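So the chains spell out like this:
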Amino acid sequence: MPVDIQLLARICEAPGAPGSEKKIRELVLAELTGLADEIRTDAMGNIVALKKGRSSAKKTMAAAHMDEIGFIVTHVDDKGFIRFNPVGGFDPKTLTSQRVIIHGRKDVHGVMGSKPVHIMSQEEKNKVPQIKDYFIDTGMAKKEIAKLVDVGDFVTRYSPLMEFGDCVNAKSLDNRASVFVLIETLRALKKSKTKPAYDFHAAFTVQEEVGLRGAQTSALQIQPDFSFGLDTTIAYDIPGSTPQERCTALGEGAAIKLMDSSVICDYRMIAFMKATAKRHKIKWQPEILSAGGTDTASLQRMVAGGSIAGAVSVPTRHIHQTIETCNKQDLADCVSLLTACVCDLDSHDWSF
Ligand SMILES: [Zn+2]
């Protein structure tokens, strides 16, 4: 399957800090037109698209979070420089001189400023930078910026998507890569002669980066029997990493999650996903993410009696930095795996 780079670029470039997902939500809603039997948005802003299955006896849910790590404006100083808090877990060292957009009354471009190396003391040079060391420079004086930006406005990274080698890089591939995978899965289901085994609820969730919040309300509403978390995961397949540290590697296929710090995937679901990948000749790799949680936890436990939960993860380099990187074939493999899993759920023996 060729990857629709234009669609992926639009998805990555749309802003959507946690709690401020309006623009990415509007884009996803527009893309879902004609792909589902029912589409609704809940009070928190999660989208759920329902694609009817061959049977309504059980419910399947997949969730991809739409939000991206960002910032919120906390103060504009007398010179017009902007201070902020992070919304989601940033690696401060990657912020130096990065471009950002402040979503004020109008979108305002800015750059993350910090103290130049020339005037740092030796002690400062040896220190790891902290978020509080940075400010946003908009090139505007206080009088002008005050007309456009208020305390409480959200800030997102500015990095248009670029194709390079077998890969793409952009801001927000965490988790727009999975938003793309879920939309493309609905598209594949529409084209396919095979319907999902059970009614399939495709959720695009909010506020994952601040604690899996949107997925909780979404799972509470849907109460799935089977669930799939969709998120990026660490690909630490880079110089200096040892084989035991790498978690996943780019180009090695869709990652089937075994566990992360928020969830132990159901062993029946893991066996089903591996067997499905094998049957459909889809490249896959196992994933154990030692630090970091995903919506999978909410899908498993925000259901009376729990759901049988697993996850399809997209291997990603440079995650939670200003530019993240995924492999195009891995994205295609994730779409194939999720599509096959959703259709084949009734072919498996789910007894313990
Ligand atoms: Zn994520």
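Residues numbered from 1 in each chain as written. Predicted model: local features only at pLDDT ≥ 70, side-chain atom pairs only at ≥ 80, totals over all residues. Heavy atoms only, no water.

Enquirer: What exactly am I supposed to notice about the packing of helix α5 (residues 173-191) against helix α9 (residues 328-344) here?
Expert: Each pair of packed helices can be described by the angle between their axes along with the distance between the axes. Relative orientation of the contacting elements α5 and α9 amounts to 50°, with a least axis distance of 9 Å. With respect to α9, the element α5 is oriented oblique. As α5 packs across α9, the resulting crossing turns out to be right-handed. The residues of α9 that touch α5, namely those facing Ala177, Val181, Leu182, Glu184, Thr185, Ala188 and Leu189, are Leu331, Cys334, Val335, Leu338, Thr339, Val342 and Cys343. Residue classes in the contact of α5 with α9 are distributed as 11 nonpolar, two polar and one charged. (Axes fitted to C-alpha atoms, helices over the stretch in contact; angles between N-to-C directions. Helix = DSSP H or I, 4+ residues; strand = E, 2+ residues; numbered from the N terminus. Parallel < 35°, antiparallel > 145°, perpendicular 65-115°, else oblique. Left-handed = near helix turned anticlockwise from the far one by under 90°. Contact = heavy atoms within 4.5 Å. Nonpolar A, V, L, I, M, F, W, Y, C, P; charged D, E, K, R; others polar.)

Enquirer: Explanation requested: the coordination of the zinc ion in the structure shown.
Expert: In an ideal octahedron of six donors the angles at the metal are 90 or 180 degrees, and in an ideal tetrahedron of four donors they are 109.5 degrees. At this site the zinc ion is bound by His65 (NE2), Asp174 (OD), Asp231 (OD) and Asp231 (OD), with donor distances of 2.0 to 2.7 Å. All donors to the zinc ion come from one chain, and their sequence spacing reads H-x108-D-x56-D. Taken together, the positions of Asp174 in helix α5 and Asp231 in strand β13 (residues 226-234) put the pair 57 residues apart, joining distant regions of the chain. Like Asp174, the residue Asp231 is buried in the burial classification. (Donors = N, O, S within 2.8 Å, 3.2 Å for Na, K, Ca; no water. Buried < 20%, exposed > 50% of the residue type's maximum accessible area, 1.4 Å probe, protein only.)

Enquirer: Looking at this model, I keep getting lost on the environment of Leu299. Mind explaining?
Expert: When you line up the elements, Leu299 lands in helix α8 (residues 296-301). Leu299 sits 10 residues away from Ala309 along the chain, and the two C-alpha atoms are 6.9 Å apart. Those residues in contact with Leu299 that sit more than four places away from it in its chain are Met61, Ala63, Ala219, Pro224, Ser227, Phe228, Gly229 and Ser307.

Enquirer: Which parts of the structure should I look at to understand the sheet that holds strand β11 (residues 167-170)?
Expert: Consider a sheet: its strands pair through backbone hydrogen bonds, and that pairing is either parallel or antiparallel. An order of β10-β11-β18 is seen for the three strands of this open sheet, with the pairing classed as antiparallel. Two strands lie at the open edges of the sheet, namely β10 (162-164) and β18 (324-327), each paired on one side alone. Strand-to-strand, the axes of this sheet are offset by a mean angle of 25°, without reference to chain direction. In the sheet, β11 pairs with β18 via four bridges, with the strands oriented antiparallel. If you follow Val168 over to β18, its bridge partner there is Cys326. The strands that α9 touches are β10, β11 and β18; relative to β18, the one it contacts most, it runs at about 65°. (Pairing = 2+ DSSP bridges.)

Enquirer: Can you walk me through the nonpolar core in this structure?
Expert: Soluble globular proteins tend to bury their nonpolar side chains together. Among the nonpolar cores identified, the biggest contains 62 residues, and Val28, Leu182, Ile183, Phe204, Phe228, Met269 and Leu345 are the most heavily contacted of them. When residues of this core are assigned to their parent elements, the largest contribution, 10 residues, is made by α9. Counting residues in each nonpolar core, the second largest holds 19 residues, with Phe71, Ile82, Val108 and Val155 among its members. (Core = buried A, V, L, I, M, F, W, Y, C linked by side-chain atoms within 4.5 Å.)

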